[in-house]
Amino acid sequence: MALDDLFDQLDRSRGDCLDRLFTLLRQPSVSAQNLGVRECAGLLAGMLEEAGMDAAIMETEGQPVVYAERIFSPEAYTVLFYGHYDVQPPEPLELWQSAPFSPEVRNGKIFGRGAADNKGQLLAHVLAVRTWLQTRGALPLNVKMVFEGEEESSSPHLDAFVARNRELLKSDLVYTSDGPLHETGAPLVVLGVRGILYIELTAVGAAWDNHSGNKGGIVPNPAWMLVDLLRTMRDRQGRVCIEGFAEGVDPPDAATVELIRRLPFDRQKIRAAVGYEGFDLDAETYYRKLMLEPTFNIAGFTSGYGGEGSKTIIPSKAVLKVDFRLVGGQDPEDIFRKVCRHVQMHAPQIQVTFLGAMRPSRTRPGLPAIDRVIAAVRQAYGVEPMVQPSLGGSLPDYVWTRTLGVPSVLVPYANADESNHAPNENLDLEKFYTGIKCSLCVLDRLSRGQAPAGQARPAGSA
Ligand SMILES: [Zn+2]
């Protein structure tokens, strides 16, 4: 079905849409500083009601979740949009060209903290629903929205919220718009994220630093304890030797390999982007290592004297910071237990501390819902989207795919130079409207999808 009536209505209401974004941007909502977050939740709930949805502010142990829904029919296809209304702290203020909470448009860009991350992107979904209801009176499918207020503080209560509200949040697909389009301007469809486990290993020798000559050879060196331990954890080929570490890491299926073969690759650009002239991977290995394989990374190693000149000591303490990026069926808590067991076996005097974790998440390519999202993105942007099996980084996507048990897709709407988390955060005005258009196309395409197994299709769907 042609969507011209919806696009025309969107064109007519561009000013209105921008007004709403400005209203949301004027309200600070810095979760790290507990600044204005609850006020922003109230404002957003009001906008959802105004758009034609039933909205509620739902409490968590931290900042509230703004939940909204518009049910077309209990049997109809249900899409759940996820976003976050909290923002990063705006500091350093002196680097902003206009005040972070006084949004303005300059050179075709909306400047303000949260413009791209994530108020402009989550509002695109709300405004798509508003546009649809203004034009056609009823939605063609069920829409639910979950906007959290703690994403910029690592979503500490989202998983428990989803677990508590499984019935309410029941849906067929979770759709998230956050982050930037590809640097070439091409739209992206991302099907997962890598997980992470962050730990600290601490080795202690004598009670204080000792003279490396006068006491040399008679007190243990904790830096060597960590080096010796590390040698048991990884071989010279880079294979991780922690027993059971690779369990759940399956070789990628043919469809996933096909996806990464279609992604663009420019070795020279990557060299420049990472500042490493020695980078010489081929395209497929690059994407496999970045998206489909786990890592074991030494993020920091602190011991003894690191200052100018020499200081002859045997350090009393050594600390190692390690992050593992996880994929497939790897579970950070399980990996943590395996690391503890390994350390217990090889160097029981070394202390292992858990610092943080997020599970990996993947949605299969080739699902009909994913094909429909890809078609919607193609229609909205007029170009073929790049489909990435995973981000290299980590997001709490597992709350949807594992806790709720629903496929999840990430479609960013912001420009690549959005300066999120930095001064002068911005969203291209045209990208904002294209985002609303894209959400309209997504509503349309998903409503034409098959109802879940055993359920009837909604009336009027083809
Ligand atoms: Zn962010």
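Whatever comes next refers back to the structure up there.
So, here is what we can say about the structure in this document. (Residues numbered from 1 in each chain as written. Predicted model: local features only at pLDDT ≥ 70, side-chain atom pairs only at ≥ 80, totals over all residues. Heavy atoms only, no water.)

1. Some words on the sheet that holds strand β19 (residues 426-428)
Put simply, the rule is: For two strands to pair, DSSP has to find at least two bridges joining them. Numbering of helices and strands runs from the N terminus; a helix is a DSSP stretch of H or I covering at least four residues, while a strand is a stretch of E covering at least two. The angle between two axes is taken between their N-to-C directions and runs from 0 to 180 degrees, where each axis is a line fitted to C-alpha atoms and a helix contributes only its stretch in contact. Only heavy atoms matter for contacts: two residues are in contact if any of them lie within 4.5 Å across the pair.
With antiparallel pairing, the three strands of this open sheet are ordered in space as β4-β5-β19. Each end of this open sheet is capped by a strand with a single partner; those strands are β4 (104-106) and β19. Strand-to-strand twist of the sheet, defined as the mean angle between neighbouring strand axes without regard to direction, takes the value 30°. With three bridges connecting them, strand β5 (residues 109-111) and β19 associate as antiparallel partners. In the strand pairing of β19, Phe 111 is matched with Asn 426. The strands that helix α4 (residues 115-136) touches are β5 and β19; relative to β19, the one it contacts most, it runs at about 50°.

2. With respect to empty space enclosed by the protein
Threshold: Only protein atoms enter the 1 Å grid, on which a cavity is a set of points fitting a 1.4 Å probe that cannot get out and a pocket is an open set with protein on both sides within 12 Å along at least 5 of 7 lines, lining residues being those with an atom within 4 Å of a point. Grid points are joined across faces, edges and corners, and a volume is the space filled by probe spheres set on the points. Each residue is assigned to one class: nonpolar for Ala, Val, Leu, Ile, Met, Phe, Trp, Tyr, Cys and Pro, charged for Asp, Glu, Lys and Arg, and polar for all the others, Gly among them.
One pass over the structure, following the stated rule, counts two cavities of 30 Å³ or more. Each pocket or cavity is described by its volume, and for the largest cavity that value is around 150 Å³. Along the wall of the largest cavity there are 16 residues; nearest its centre are Tyr 82, Thr 176, Leu 395, Asp 397 and Leu 410. For the lining of the largest cavity, the secondary structure elements donating two or more residues are β3 (78-84), β9 (192-193) and β18 (408-410). A total of three residues in the lining of the largest cavity trace back to one element, the largest contributor, which is β18. By residue class, the composition of the lining of the largest cavity is nine nonpolar, four polar and three charged. Computed from the structure, the second largest cavity encloses a volume of approximately 30 Å³. Surrounding the second largest cavity, Thr 60, Gln 63, Pro 64, Val 65, Glu 148, Gly 149, Glu 150, His 157 and Leu 158 form its lining. Looking at the lining of the second largest cavity residue by residue, the classes come out as three nonpolar, four polar and two charged.

3. Structural notes on helix α3 (residues 37-51)
Given 3.6 residues per turn, any residue in an α-helix points the same way as the ones three and four places further on. Put simply, the test is: Given a helix with a known number of residues, its expected span is that number minus one, times 1.5 Å. A 1.4 Å probe rolled over the protein chains alone gives each residue an accessible area, and that area as a share of the maximum for its type sets the label: buried under 20%, exposed over 50%, partly exposed in between. As used here, the arc belongs to the directions running from the helix axis to the C-beta atoms.
For α3, spanning 15 residues, the distance from its first C-alpha to its last is 21 Å, which sits close to the expected 21 Å at 1.5 Å a residue. Of the residues making up α3, those classed as buried are Val 37, Cys 40, Ala 41, Leu 44, Ala 45, Met 47, Leu 48 and Ala 51. End-on, the buried residues of α3 take up no more than an arc of 160°, which puts them together on one face. Where α3 is buried, its residues meet α2 (14-26), β1 (54-58), β2 (65-70), α4 and β6 (142-148).

4. Focus: unusual backbone geometry
Following Glu 91, the chain continues to Pro 92 via a peptide bond in cis, the omega torsion being 0°. Note that Pro 92 resides in the loop between β3 and β4. At the junction of Asp 117 and Asn 118, the peptide bond is cis and its omega measures out at 10° in the coordinates. Its place among the elements puts Asn 118 in helix α4. Residues other than glycine seldom take positive phi values, yet Asn 107 does so here, at roughly 50°. Looking at the secondary structure, you find Asn 107 in the loop between β4 and β5. The exposed category is assigned to Asn 107, whose relative accessible area is 78%. The residue His 421 is not glycine, and still its phi comes out positive at about 70°. The class of His 421 is partly exposed, set by a relative accessible area of 40%.

Geometric descriptors of this kind do not, in isolation, establish any biological role.
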